[in-house]
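The lines below spell out each chain.
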Amino acid sequence: MALKMVKGSIDRMFDKNLQDLVRGIRNHKEDEAKYISQCIDEIKQELKQDNIAVKANAVCKLTYLQMLGYDISWAAFNIIEVMSASKFTFKRIGYLAASQCFHEGTDVIMLTTNQIRKDLSSPNQYDTGVALTGLSCFVTPDLARDLANDIMTLMSHTKPYIRKKAVLIMYKVFLKYPESLRPAFPRLKEKLEDPDPGVQSAAVNVICELARRNPKNYLSLAPLFFKLMTSSTNNWVLIKIIKLFGALTPLEPRLGKKLIEPLTNLIHRYVTTNTALFIQHCASIQLCVQKLRILIEDSDQNLKYLGLLAMSKILKTHPKSVQSHKDLILQCLDDKDESIRLRALDLLYGMVSKKNLMEIVKKLMIHVDKAEGTTYRDELLTKIIDICSQSNYQYITNFEWYISILVELTRLEGTRHGHLIAAQMLDVAIRVKAIRKFAVSQMAMLLDNAHLIASNTQRNGICEVLYAAAWICGEFSEHLEEANQTLEAMLRPKVTTLPGHIQAVYVQNMVKLYASILQQKEQSGEKEAAQEITQLMIERLPQFVQSADLEVQERASCILQLIKYIQKLQIKEVPVAEEVIALFAGELNPVAPKAQKKVPVPEGLDLDAWINEPPSDSESEDEKPKTIFHDEEQRHSRHKQPEIDEEELARRREARKQEQANNPFYIKSSPSPQKRYQDTPGVEHIPVVQIDLSVPLKVPGMPMSDQYVKLEEERRHKQKLEKDKKKKKQKKEKRGKHHRHNSLHTESEEDIAPAHHVDIITEEMPENALPSDEDDKDSNDPYKALDIDLDKPLADSEKLPVQRHRNAEDLKSPDSEAPLAEKKSKKPKKKEKKHKEKERDKGKKKEKEKKVVEEEEEKKKSSKHKKKKHKKEKEEKSKDKKKSKKKHHHSEEETTESVQNGTLDDEPLPVSSSALATLTYDIQGNLQNDSQVTVSVIFENKSTSFLKSMELNVLDSLNTKMIRPEGSSVHDGIPVPFQLPPGMTSFVLSSLICACSVGGGGTSSCCLGNDEGSTHEKLDFKLHFSCASYLITTPCYSDAFAKLLESGDLHMSSIKVDGISISFQHLLAKICFHHHFSVVERVDSCASMYSRSIQGHHVCLLVKKGENSVSVDGKCSDSTLLSNLLDEMKETLSKC
Amino acid sequence: MIKFFLMVNKQGQTRLSRYYEHVEIHKRTMLEAEVIKNCLSRSKDQCSFIEYKDFKLVYRQYAALFVVVGINETENEMAVYELIHNFVEVLDKYFSRVSELDIMFNLDRVHIILDEMVLNGCIVETNRNRILAPLFVLDKVAEN
């Protein structure tokens, strides 16, 4: 055995540690992979050993290898082993590895739950810290559910180091287990006011993240954040708070105004890029933009970038103020830094107007030419298209210009975005009717020069535009000037090198072209020309029939047959054109992309129902013909349906037209509001045809869009002149009246009339389309679950799950109060006076619920009463908490009820009563503060009217006084924060009484005032403080007990009570219950007991039972306490 | 929120990686390679922010080592930029003039430092002494 151990340690000496591994990898540069696989084999061997140090070392090395990209998930179990090491040095290695490689899919992760819980509650803060850090990386929904309560408890840990981590982890827990958000939120809110700035900052971080999802919930926190913002000196926190306000201000406009001042200060002090985000006020927006301009002009590239970034945020809300800095932003397009250029581009998108669109795009076109990197150039291209097409081509006044821009863009080599350009061409040509003629001529030119576009294989992306060109030329062939020429271009052999889907479109559209040429020739009587064109088709089409692409081949052979047939007819001199053209009659309207989705499900149609019963396996084959026959019958009847509904259809069509007419977003084709521009001289004057024929046709490289820019400018100028003329006339007529207005007149957006009657056809939607905005919501959004209303009060069911054990350890969980409270309240039920007790029980339960709040109150207050005379050990304290909750005690008063109560062993609370109300109360030692006890008072309204504005007052005595809110005098009462409805309920109020010294019992007289309209009632009652009130049940181990007795500085006293008949067991239980003691040891009829006062005095008892008597020897560090206690005990025992 | 924190050298070798959201291991290597490619392609007089896919990279170069942080749109670029320097300063203090080798040999310790500063994708601590406190405790334990 010993030999084995020695051998093991020698082996370990040769084990590589992390440093050796790193060195080794560096020394094996040539065969790194081989070396590492060798190392992994070694590690596997090491992991098989029992020694935890060896395992930890192996896992540490694995973590390094994982960083290099090696999968180490196979070692997951070993990692868990190392995580559960008791030594922190090993444990952290385990957690590090786990945080690097565990994730939701790791199946062994569920094995860690208990280990993590243990580490979370470890007395060593670093154990807890490392567990929290690890958890943040691999928390799963299961872990989140099981550990939520533990982490929430840690949010109130004594060490800020733990608190801040726990607060941050809670965010992950919320994400994985959204049910935890509502129960945990109050505590999270509390953390905003944590004394430690680190914890504060963590809470701000979490709430900031949460507020992104549902800002409304956090509006109530605004004052708190406001305070934080003005007081915090931590820039990181400030940034977060400002972000948060950014989300809140849209919901509460008043906030914006309030924020101006502090923010202006901040802007002057720091460069917080997000300050700009939300200021609603014009003055400060101007200030912001000016500050940002300084940033953007700065030579530091980082500042420049951040300035642009912030600018884009302002742009969303205040486009006007940013637009004035267009020069600066255009300048940034020249920056050598791509990040900055991209930002500037982003800004431009929002800055365009009808007025400056052409200018901006012209600038961008220059950059497209200059751009070197394809990524940036592609970005430019998409931006140009985005800018122009935004909000339904809102800013385009001249579509000829836009088409020519698109055509110019086709010169881009190697762009990925050919399809984008193509889509734009199609969209414009289809939707802007007025532009079709021009578009067709341009597309014809593109087809003619297809060899330039398609020649280079590198330019593959751009050949997509030919798809659009071919389709447009075919579909709108009636606008073509030189259809023959275009047809020929489309039949060139070179076309067969294009991608299949483009060829297919070519084939289809050359028939359309052919049809229109045919018609044209027939109409003009040129029979020979018509036959020629047919011949051409028959000659050239076979090259497509041979295509490898199935679609092309099929279409081509189909069409070839058709044309051969036409040729036959032509030879017979039958006019065919009308029939051929009929093949393509009718107009295709654009359909909205979401149209399909929005078709409403007709009434009575269940999409999930089976149309036919699903075929069962047992069905024999004989039945099949039957079904087919049946089907056919059905189909017949379906065919008939449309005929029957012809009227109905007409009616619907009418209704739809009506609806469209009423829909402001539907751009109608005839009575367009823009129609009036048709009459202005600017409309028809552009000699479209002349330009495209004279300038660019054969040279596609020429930048023609410039021509249109010039023309457009001229047109606008003309327009303006004319308008001015009109205005002058008006001016003469109404002299002086609108003097100022006219002199200030500048060319505004609205003054620029579009060059065309721009009839942008809207995309078609199905009839009765469902209006829904849901399309935009992403159902996969992981944050969606956090969209929870936090303002609703917490329901009883909304509690974090608490893990419970079946055995007594249960009591050690600090949050298991609820079940205990029930246990307690059940006890008295066995006795008489049931209904009364029930009421009390109710009160009891409520009391328990309130207790939590109460304790927190005390905590805050306790800081003011730091008269701690004795320090308690922390552990003891936490144990106290549980046990004391279990036991109850009471003292009595002289009222009639109390006499009755006196007979009830377990009946709590002495009472004071009057005609109006009954009072019961309970006193308990305060766990948080050793000089305080908590008094819970239950009111029961016995009158028939409401009890309103109640007030509780306590006359302070020498050794007790009530804790009052700061600022109130000794004579002030505490208002009871509720009204009491007649008859029914008892309520609980707790007031805090500070017992400055604990000697014996004492009484304190209190009064309850009640103002109800005119009546003023006063209910006096006395609080009797028994010694037991100051005792806290504390467990004690026998060795500690022995030591205590040996120490000798305890006072001693004893009593003896005769006539005891109950069993010893029962007797001990009574002492435990009434006097808050716990049994240390019991031997036969002799037991030692222990308790502790809230001020830390130890009380030891030795209870011996004789034949008929009981003797109690007590030892205590305070003699008065002991004697008073024994007196009380004597009384209790004598009742037995 | 911070999505990942990387230290990569000029040769493209990862020296430290921490992901605050799970990323598949093979995707990590790809991502790291692309990230460093992006950083290397930039000159020193260009800004420290790169828009990359759906997040932003904030990077700083120290000798041959790049510290690159991937963030989403809710994070403040400047704050992260300063965080990087803060991190390097802490390393510098702990290792007294930190070098790439220090980081490689003491990967676990560097992780502790990082975990003290960034938790769950949020900046949690920036005070040098408080960051190093746990590490000093650990070193003391190791000595004994």
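The rules behind each value
- Residues numbered from 1 in each chain as written.
- Chains lettered and ligands numbered in written order.
- Predicted model: local features only at pLDDT ≥ 70, side-chain atom pairs only at ≥ 80, totals over all residues.
- Heavy atoms only, no water.
- Helix = DSSP H or I, 4+ residues; strand = E, 2+ residues; numbered from the N terminus.
- Buried < 20%, exposed > 50% of the residue type's maximum accessible area, 1.4 Å probe, protein only.
- Expected span 1.5 Å × (residues − 1).
- Polar contact = N/O pair within 3.5 Å; in protein donor to acceptor, adjacent residues only side chain to side chain.
- pLDDT = per-residue confidence, 0-100.
- Contact = heavy atoms within 4.5 Å.
- Buried area = accessible area lost by both parts, 1.4 Å probe.
- Phe/Tyr/Trp six-rings, centres within 6.5 Å; stacked < 30°, edge-to-face > 60°.

Draft legend 1. Structural detail: unusual backbone geometry. The residue A:Y393 is not glycine, and still its phi comes out positive at about 60°. Within the fold, A:Y393 resides in helix 22 (residues 374-393). For B:A63, which is not glycine, the phi torsion reads 50° and is therefore positive. On the secondary structure map, B:A63 appears in the loop between strand 4 (55-62) and strand 5 (65-71). Residue B:A63 is classed as exposed on the basis of its relative accessible area of 70%.

Draft legend 2. Summary view of helix 4 (residues 52-67) of chain A. Residue and element names in this part refer to chain A. A rise of 1.5 Å per residue sets the reference length of helix 4, with its 16 residues, at 22 Å; its end C-alpha atoms lie 23 Å apart and thus fit the reference within 8%. With 14 of 16 residues buried, helix 4 is to be regarded as a mostly interior element. The opening residue of helix 4 is N51, an N-cap whose side-chain oxygen sits 2.7 Å from the backbone nitrogen of A53. At the C-terminal side of helix 4, G69 shows a positive phi close to 105°.

Draft legend 3. Representation of the confidence of the model for chain B. Taken as a whole, chain B shows an average pLDDT of 89; of its residues, 100% reach a score of 70 or greater. Across the interface, the model reports ipTM at 0.94; the global pTM reads 0.59.

Draft legend 4. Region of the structure containing the interface of chain A and chain B. Contacts between the two partners involve 56 residues from chain A, matched on the other side by 57 residues from chain B. For the pair chain A and chain B, the summed buried area comes to about 5,100 Å², and 56% of that belongs to carbon and sulfur atoms. Broken down residue by residue, the surface that chain A buries against chain B is led by A:M67, A:W236 and A:N302, which jointly contribute 14%. Remark: the boundary between chain A and chain B carries 25 residue pairs in polar contact (both at pLDDT 80 or more). Considering each element in turn, the side of chain A that touches chain B owes the most residues, seven residues, to helix 10 (residues 160-176) of chain A.

Draft legend 5. Representation of the packing of aromatic side chains within the structure. Under the counting rule described, the total for this entry stands at 17 aromatic pairs over all chains. Where B:Y94 meets B:F95, the ring centres are 4.9 Å apart and the plane angle is 80°; that geometry is what we call edge-to-face. Classification of B:Y94 as buried rests on a relative accessible area of 16%. Judged by relative accessible area, B:F95 falls into the buried class, the value being 14%. Among the aromatic residues, ring-to-ring pairing joins A:Y393, A:F399, A:W401 and A:Y402 into one connected group.

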